[in-house]
Amino acid sequence: MSNNIEGSGGGKGGGSVSNADVTGTSTDRAEVILGLCEGQIEGLGASPGKNIFLDDTPIINEDDSVNFKDIDYVFLNGSFDQNPIPTTGNEISSETSVNVAIEQSQPINRTIINQEINALRVRLSVQLVKQTDKGLREESINFKISLKEGTGVFVEKVNQTITGVYQSPTVFQYLIPVDITQSDYVLKVENLSDDSTTESTRNLQWLTYSEIIQAQITYKNTSLLYLQFPASLFKSIPKVSIKGAWYLFKVPIHGSVNADRGIDYSGNWDGQFFTPSIATSDPAWVVYGLLTEPSFGLELDSDLINKWDLYQISLHNNELINDGFGGTERRYSFNYLIQERKIGFEWIREICSTFATKIYWDGSQIRFWQDSPTTVLSKIVSNADVEEGRFLITSQEYKGVSPSVRVWWNDPDQEYLQVPEPVEHPAALAKFGNIEPEEFTALGEIRRGGAVRTGRRIILSSFLETEQISFKILASGLFFQPGEVIQIACTERGRQRKSGLIVSATLSSVTLDRPVTLTGDSKTLLTQMPDGTVEQSIITNSNGTHTVINLSQPLSQIPEAQATWQVIDGATTARKYRVLAVTPDAENPNSFEVVGKLYDDSKYSEIDNGWSISAFLAQDKAPVVIPVVRNLQAKLINGSIEATWEFPVKADGSKETYVTEYLAEFRIGIDGVWGNSQTLVTEYARWENVGNNDFYVRVAALSTNGKISEWVQSNGTAASDLGWFVYWMEDEEG
């Protein structure tokens, strides 16, 4: 390879000092490959550039204008058969620093031993400038790169002369293919020009070399973003932010994922799944995917997961409810980017907490239960069922009540930053006072209404469900499951016995273990049936004391002896509890301890309804893209440059208040070197005694959040003999 790079241009006359134009900038291009997700994701929208942010600025604006020029980007969604990354993104390379100045007649060698590479890349920097009494002028340097392969001789690969003005080190890079049948190589770089002097700078620096394997890498099942841009575009590697729809979790085959990422179901489910084209935010199926799919490490057999529990939870998650603004939204939604590893099931538990769900092992499967309303009464319990005939009832302490909560959620209008949403409940505040708010982070919540419901759930759970119960029960405790709602008629509470064990039964009557006194107009009998259900029947007995209870309708089956019964009438004080835990007794394996919490179904309606929120006042946020200055004018008056411009404006035509300063520069000639920078707080700049040339001025706006607008360049200020005449006359008169 042999070629020359030459500069051109130069300052204009008039007897003044002028500089030759800078010939060019670095040819380096930065390449970045970001692994976004293991597995296939939905993507970055119809226009990915609008959802890729470099230092918090999108590549493409919503109006399709471009913020960064000469940027290449490719997004791959992680499918099994996706295409390779284009251009040099297909290579695997290892870069080694050299960082040695190359002097004339002192070549530098580097030996590489690698039998897998098929190319080498050499990066050099040059600095060229000649100082004269007329200003800066062009300088030249000639160098060559040679390669020795195996036992062969050095072969010249590059012989280049670069001519121009490069005031700062400017990078050039060279790709050199190698003989893949060899395994050892020697690179040599030689400087063929004279060394630098006090007047002429001719610096050649060998920066690095890279050992390269060029391959067609597809990165199957990994979603990627590939970026390539000029190294001169940023002072350092930019922060890359991405807004997109992520992993495509499987959902039940009879469901459809909608634009709001919730799921609508049609018909009954046969247990089969499919992968939708739209990513769902239903946390139930996020949890199922994290447990079963190989991308996430656990990869449990699906038979170990009770998917039917998750399906019932999903139905509740996807109901449309009050969003606080007069509309509706899904009850639960999870939008979170998992970027760290956690031990075991820690992530699963944290995500389950976002939709009021607990996970447990029932001996054969991983099961789930959700704190949601139910009409199913799974069991009834009496004093006769439990050890020593006693229930341990405890009330929540005052300090355990939360009348107010500060819920932290991720606000899309504030770049998904965590923001607080204060939530209060008037009745709880009236009863318990203004206690310091509880702090809670709603993981994956990006809806303000969702944050309010989270706070109300915490408050109402602590305010209404203030009682906990525990008891020990024999073998029947094996059939209790966490999450079930049970009903207990405790003798100590009502000072009357309204429950016990069945002695015998027919389809139309039940004989009790002890007489019961019936009161009131409405009387019903609850019986625990052989199939595990609880059946409710109307009692036909008159008020008074009875041992045999007659029923208005026949039972579906005959209850077994020793099954539990409960009478509900005007004097019964039975309460419902949600089972929290079932634990075998360490001293007696045939005994189980059951712990439950008071169940109040009025809580769920209060969480979802009877409240509203007001939209935040529109905030005057710093713009993502800083608008440019307007109507830039530059004039050459008496050997001085004067520039004026108008302030940047918003889309509505009002002044952009986040712009408080300006950066102004000028150069000589259309291709000259920008310099003589000024930072200004007014829309005016002046440079004095610059001479008589054709000058250009450019101005950029600076914002309070450290961003800079695009430059706006003026037309040239033509050299003027009259201007110099006026300047000379004024000087003579002075």
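Parameters and conventions
Residues numbered from 1 in each chain as written. Predicted model: local features only at pLDDT ≥ 70, side-chain atom pairs only at ≥ 80, totals over all residues. Heavy atoms only, no water. Helix = DSSP H or I, 4+ residues; strand = E, 2+ residues; numbered from the N terminus. Rg over C-alpha atoms; globule rule 2.2 N^0.38 Å. Contact = heavy atoms within 4.5 Å. Areas by Shrake-Rupley, 256 points an atom, 1.4 Å probe, with all protein chains shown as cover. Lys, Arg positive; Asp, Glu negative; His and termini not counted. Charge placed at Lys NZ, Arg CZ, Asp CG, Glu CD. Axes fitted to C-alpha atoms, helices over the stretch in contact; angles between N-to-C directions. Parallel < 35°, antiparallel > 145°, perpendicular 65-115°, else oblique. 1 Å grid on protein atoms, 1.4 Å probe; cavity = no way out; pocket = protein on both sides within 12 Å on 5 of 7 lines; lining within 4 Å. Points joined across faces, edges and corners; volume = space filled by probe spheres on them. Phe/Tyr/Trp six-rings, centres within 6.5 Å; stacked < 30°, edge-to-face > 60°. Buried < 20%, exposed > 50% of the residue type's maximum accessible area, 1.4 Å probe, protein only. Lys NZ or Arg CZ within 6 Å of the ring centre and 35° of its normal. Pairing = 2+ DSSP bridges. Arc of directions from axis to C-beta. Core = buried A, V, L, I, M, F, W, Y, C linked by side-chain atoms within 4.5 Å. Salt bridge = Lys/Arg side-chain N within 4 Å of Asp/Glu carboxyl O. Polar contact = N/O pair within 3.5 Å; in protein donor to acceptor, adjacent residues only side chain to side chain. Nonpolar A, V, L, I, M, F, W, Y, C, P; charged D, E, K, R; others polar.

Asks: I'd love a proper account of the overall build of the chain, names of residues and values included.
Replies: Within the chain, the secondary structure is distributed over 8 helices and 48 strands. For 734 residues, the compact-globule formula gives about 27 Å, and the C-alpha radius of gyration of the chain, at 39 Å, lies well above that figure. Seen along its three principal axes, the alpha-carbon backbone of the chain occupies a region of about 125 × 75 × 45 Å. By sequence separation, contacts in the chain at least 24 residues apart represent 71% of the contacts at least 6 residues apart. Surface exposure of the chain reaches about 36,600 Å², of which carbon and sulfur atoms provide 49%. Side-chain charges in the chain split into 60 positive and 94 negative, and the spacing between the mean points of these groups amounts to 4 Å.

Asks: Which residues make up the packing of helix H1 (residues 283–292) against helix H2 (residues 307–317), and what are the values?
Replies: Packing of H1 against H2 brings their axes to within 8 Å, and their N-to-C directions diverge by 150 degrees. Viewed along their axes, H1 and H2 adopt a mutual orientation that is roughly antiparallel. Contacts between H1 and H2 pair Pro 283, Ala 284, Trp 285 and Tyr 288 from the former with Lys 307, Leu 310, Tyr 311, Ile 313, Ser 314 and Asn 317 from the latter.

Asks: Could you give an account of empty space enclosed by the protein, with specific residues and numbers?
Replies: Applying the stated rule across the entire model yields 3 cavities of 30 Å³ or more. Of the volumes computed, that of the largest cavity is approximately 90 Å³. Taken together, His 316, Arg 331, Tyr 332, Asp 371, Pro 373, Arg 453, Arg 457, Tyr 604, Ile 607 and Asp 608 make up the full set of residues lining the largest cavity. Mapped onto the lining of the largest cavity, the elements with two or more residues apiece are helix H5 (448–464) and helix H7 (602–608).

Asks: How would you sum up the packing of aromatic side chains? Please name residues and give values.
Replies: Counting across every chain of the model gives 22 aromatic pairs. Where Phe 249 meets Phe 296, the ring centres are 5.8 Å apart and the plane angle is 25 degrees; that geometry is what we call stacked. Taken as a pair, Phe 249 in the loop between strand S18 (245–247) and strand S19 (251–252) and Phe 296 in the loop between H1 and H2 lie far apart in primary sequence, 47 residues in all. Given a relative accessible area of 7%, Phe 249 falls into the buried group. A ring pair is formed by Trp 269 and Tyr 311, whose centres lie 5.1 Å apart and whose planes are at 45 degrees; its orientation type is tilted. Here Trp 269, found in the loop between strand S21 (263–265) and strand S22 (273–274), pairs with Tyr 311, found in helix H2; they are 42 residues apart in sequence, far enough to count as distant. The buried category is assigned to Trp 269, whose relative accessible area is 9%. By relative accessible area, Tyr 311 is classed as buried at 9%. One aromatic cluster is present, formed by Tyr 265, Trp 269, Phe 273, Trp 285, Tyr 288, Trp 308 and Tyr 311 through successive ring pairs. Taking the ring centre of Phe 647 as reference, the NZ or CZ of Arg 630 above it sits at 5.1 Å. The positively charged end of Arg 698 is found above the aromatic ring belonging to Trp 711, 3.9 Å away from the centroid.

Asks: Quick one: what's the story with the sheet that holds strand S27 (residues 379–381), residue by residue and with numbers?
Replies: Spatial strand order, S27-S33-S40-S41-S32-S28: 6 strands in an open sheet with mixed pairing. With partners counted over all chains shown, the strands left at the sheet margins are S27 and strand S28 (392–395), one partner each. Averaged over neighbouring strand pairs, the angle between their axes works out to 35 degrees when direction is ignored. Pairing analysis gives 6 bridges linking strand S32 (residues 467–473) to strand S41 (residues 592–598), with the strands arranged antiparallel. For Ile 469, the partnering residue across the bridge sits in S41 and is Gly 596.

Asks: Provide a residue-level description of unusual backbone geometry, including the pertinent values.
Replies: Non-glycine residue Asp 55 carries a positive phi angle of around 50 degrees. Here Asp 55 is to be found in the loop between strand S4 (52–54) and strand S5 (57–58).

Asks: Provide a residue-level description of helix H3 (residues 346–353), including the pertinent values.
Replies: In an α-helix, one turn spans 3.6 residues; hence positions three or four apart end up facing the same way. Buried within H3 are the following residues: Trp 347, Ile 348, Ile 351 and Cys 352. Taken end-on, H3 shows its buried residues confined to a sector of 130 degrees, consistent with a single buried face. Where H3 is buried, its residues meet H1, strand S25 (357–361) and strand S26 (366–370).

Asks: Explain the nonpolar core to me, using residue names and the numbers behind them.
Replies: Residues Ile 59, Leu 227, Trp 285, Val 287 and Phe 368 are the most contacted members of the largest nonpolar core, which totals 44 residues. Mapped onto this core, the elements with two or more residues apiece are strand S2 (29–38), S4, strand S16 (222–230), H1, H2, H3 and S26. With 7 residues, the top contributor of residues to this core is H1. Setting aside its immediate chain neighbours within four residues, Leu 227 contacts Ala 30, Glu 31, Val 32, Ile 52, Leu 54, Ile 59, Asp 72, Tyr 73 and Val 240. By size, the runner-up hydrophobic cluster in this structure holds 27 residues, among which are Val 122, Leu 128, Leu 204 and Tyr 209.

Asks: Please provide a residue-by-residue account of the side chain of Lys 188, values included.
Replies: Among the structural elements, Lys 188 can be located in strand S14 (residues 184–191). This buried residue, Lys 188, is left without a salt bridge; Glu 190 holds the nearest opposite charge, at 4.1 Å. With residues up to four places along the chain from it excluded, the contact list for Lys 188 reads Pro 107, Ile 108, Asn 109, Lys 144, Ile 145, Ser 146 and Phe 154.

Asks: Outline H1, listing residues and values.
Replies: Most of H1 is tucked away: 10 of the 10 residues are buried. What H1 keeps buried is the set Pro 283, Ala 284, Trp 285, Val 286, Val 287, Tyr 288, Gly 289, Leu 290, Leu 291 and Thr 292. Tucked inside the fold, the buried residues of H1 contact S19, S21, S22, H2, H3 and S26. A side-chain oxygen of the first residue of H1 lies 3.0 Å from the backbone nitrogen of Ala 284; this N-cap is Asp 282.

Asks: Go over the side chain of Glu 211, please, and point to the residues and values.
Replies: With respect to the helices and strands, the residue Glu 211 is situated in strand S15 (residues 200–214). The side chain of Glu 211 is buried and forms no salt bridge, while Arg 110, the nearest opposite charge, is found at 11 Å. Polar contacts involving the side chain of Glu 211 include one to the side chain of Asn 114, which spans 3.0 Å. Beyond its immediate chain neighbours, meaning those up to four positions away, Glu 211 contacts Ile 92, Ser 93, Ser 94, Thr 96, Ile 112, Asn 114, Ile 117, Ala 119 and Leu 120.

Asks: Any details on the sheet that holds S16? Residues and values, ideally.
Replies: Strand pairs in the sheet, formed through backbone hydrogen bonds, run parallel or antiparallel to each other. Spatially, S2-S16-S6 is the arrangement adopted by the 3 strands of the open sheet, whose pairing is antiparallel. Each end of this open sheet is capped by a strand with a single partner; those strands are S2 and strand S6 (72–76). On average, each strand axis in the sheet is inclined to that of its neighbour by 10 degrees, with strand direction left out of account. Bridge analysis of S6 against S16 gives 5 bridges, and the strand direction is antiparallel. Along S16, the bridge assignment pairs Phe 75 with Leu 225.

Asks: Mind laying out the environment of Phe 647, listing which residues take part and the relevant values?
Replies: In this structure, Phe 647 sits in the loop between strand S43 (640–646) and strand S44 (659–668). Residue Phe 647 is classed as partly exposed on the basis of its relative accessible area of 29%. Expressed as a C-alpha distance, the spacing of Phe 647 and Leu 44, which sit 603 residues apart in the sequence, is 35 Å. Leave out the neighbours within four places in its chain, and Phe 647 touches Arg 630, Lys 655, Tyr 662 and Glu 683.

Asks: Describe the packing of H1 against H3, and please don't skip the residues or the numbers.
Replies: Between H1 and H3, whose axes approach to 10 Å, the crossing angle comes to 175 degrees. What the angle tells us is that H1 and H3 run roughly antiparallel. When H1 is examined against H3, the residues Pro 283, Val 286, Val 287, Leu 290 and Leu 291 are found in contact with a partner set consisting of Ile 348, Ile 351 and Cys 352. Its residues assigned to classes, the contact of H1 with H3 comprises 8 nonpolar, no polar and no charged.

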